[in-house]
Amino acid sequence: MPPNANELRERKGADMQVKPIISYEDLKTHNTKDNCWIAIDEKVYDLTKWAPNHPGGEHLLHNLGGQDATAVYKAFHTIHGSGFKADKLLRNFAHVGTLPPREESKLEIAFRELREKIDKDGMYKTSLSFYVKLGLWLAFLLASAVYLTVTATTLPSTIGAACVYALFFQQCAFVGHDTAHNGITHDRATDILIGVVVGPLLTGISTAWWKRSHNAHHVVTNSVTHDPDIQHMPVFAITDKLFDNTTHGTWSLYHNKFFHFNKLAKLLISYQHILFYPIMGFARWNLYVQSWILLLDFNKIVDYRAVEICSLLFFPLSLAYLVSHLPSVELMLTFLLVSHFLAGILHVQICISHFTMPTYKGAEFEASKGEAFLRQQLHTSMDLDSSWLNDWFYGGLQWQVAHHIFPRVPRHHLPIVKKQLQALCLEHGLVYKSVGWWAGNLEICHVLYDTAMKARKSNTVKFEESMIWQAMQAEG
């Protein structure tokens, strides 16, 4: 729970004392779940006991343990969202020390000035008309899918209805993504409830699950040990760092388990460049399962758990009722398979933006002080080229780099932010990567193929040498 009045008074009193200088090397030693220190604006805080109360999940703070998290903090806690509450809470925390003074780099100064300019230019302000139109678009897609389904009598008409329903799934996911970043109303509770409607209620996927996983992805993008969005063994591996001959697998800090490179993993990964698109077509079913796993894990804090559970129960009932209007079992199965397969394929774009980019190990991205967050996102994310003709199809995720650096900016302002970021990158010799749809697909095929060839030459772990076997043999 948040600190009470007595605790706050004690912390304020302690804060009035002279605090020691804590070196960056010393800070790095406090990077575990049981010893989590984080620096923000040169002040070092011990957040070990408070971490479980973090609204975004304690895992986000554990990922940042032992680091200067100033840039990450400012990216996610703007004054247009939770910034005021977060700043107030920080003022009430007694810090254990301060970082040594240092001179800002030219890039750090330029990025800070850009952040201030984006705020001053009103880039965080949401266009109400944009989301009203988007709401009407979703309503049209849903109404069309329902009408086409209940009137379908043939195989072609059933497939047509399923395609529209899949498009509804995809477009709802984009709005759910907006709400997960508090990017619509900038009010956390309101955006969560909007997310519940387009998530578990209408499309069967938990907003809470998506938010918990996706926030971790933003903080430690493309870390093979920390980013859940690239930890898909035994099915996929985008780098041999996930299964090199030293570790024979990867420990996931998010899932809190070891992903072994066993015979099954080797077989699937060896042919992943062939299996990628077919497997993506069935991936949505796994998201349903992951949603329930989180909501039924009462050891984790979940906002509006009861509301999400009720919504998830409503979805299969409403879907079953819709499908029951089809005249035969064969057409019912066709509708379910086609709609879910196509919905999965439509989300390939999300994978392209990161699967093709470099990876690293650990929670901390190595870079000059004050530049890590910006360089990390530029290093691990890329955009997809688009125009006004197909912007609607990508749902704002085509501007992935700008979104990762400014996650609270509403999607309709990201093209402007992208141009300003590109200018900053050009001035400071940084790469802002953006490719077309087909080039992106070609890149992801190359990455999967290269890793598949390395997997074929790699050794698998024997079961008796695995961590599972060692745990089974543990005493006490």
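Whatever comes next refers back to the structure up there.
Residues numbered from 1 in each chain as written. Predicted model: local features only at pLDDT ≥ 70, side-chain atom pairs only at ≥ 80, totals over all residues. Heavy atoms only, no water.

Moving on to the pattern of salt bridges. Per the stated rule, a full pass over the model turns up 13 salt bridges. With a closest N to O distance of 4.0 Å, arginine 112 and glutamate 116 form a salt bridge. Placement of the pair is arginine 112 and glutamate 116 together in helix α6 (residues 106-120), with a separation of four residues, close to one helical turn. Judged by its relative accessible area of 27%, arginine 112 is partly exposed. Its relative accessible area of 47% is what places glutamate 116 among the partly exposed residues. Put simply, aspartate 303 and arginine 188 hold a salt bridge, and the shortest N to O gap is 2.6 Å. Placement of the pair is aspartate 303 in the loop between α12 (272-295) and α13 (305-323) and arginine 188 in helix α9 (residues 188-203), with a sequence separation of 115 residues. You can call arginine 188 partly exposed: its relative accessible area is 28%. Residues joined in a network through salt bridges with shared partners are Glu104, Arg112 and Glu116. (Salt bridge = Lys/Arg side-chain N within 4 Å of Asp/Glu carboxyl O. Helix = DSSP H or I, 4+ residues; strand = E, 2+ residues; numbered from the N terminus. Buried < 20%, exposed > 50% of the residue type's maximum accessible area, 1.4 Å probe, protein only.)

Another aspect to go through is unusual backbone geometry. Of all residues except glycine, most have a negative phi; of all peptide bonds, most are trans. The amide bond that connects methionine 233 to the next residue, proline 234, takes the cis arrangement and shows omega of 15 degrees. Here proline 234 shows up in the loop between α10 (207-219) and β6 (249-252). A positive phi is found at asparagine 256, a non-glycine position, where the angle reads about 55 degrees. Under the relative-accessibility criterion, asparagine 256 is labelled exposed at 57%. One non-glycine residue, tyrosine 304, adopts positive backbone phi at about 50 degrees. In this fold, tyrosine 304 is placed in the loop between α12 and α13. Given the relative accessible area of 35%, tyrosine 304 is considered partly exposed.

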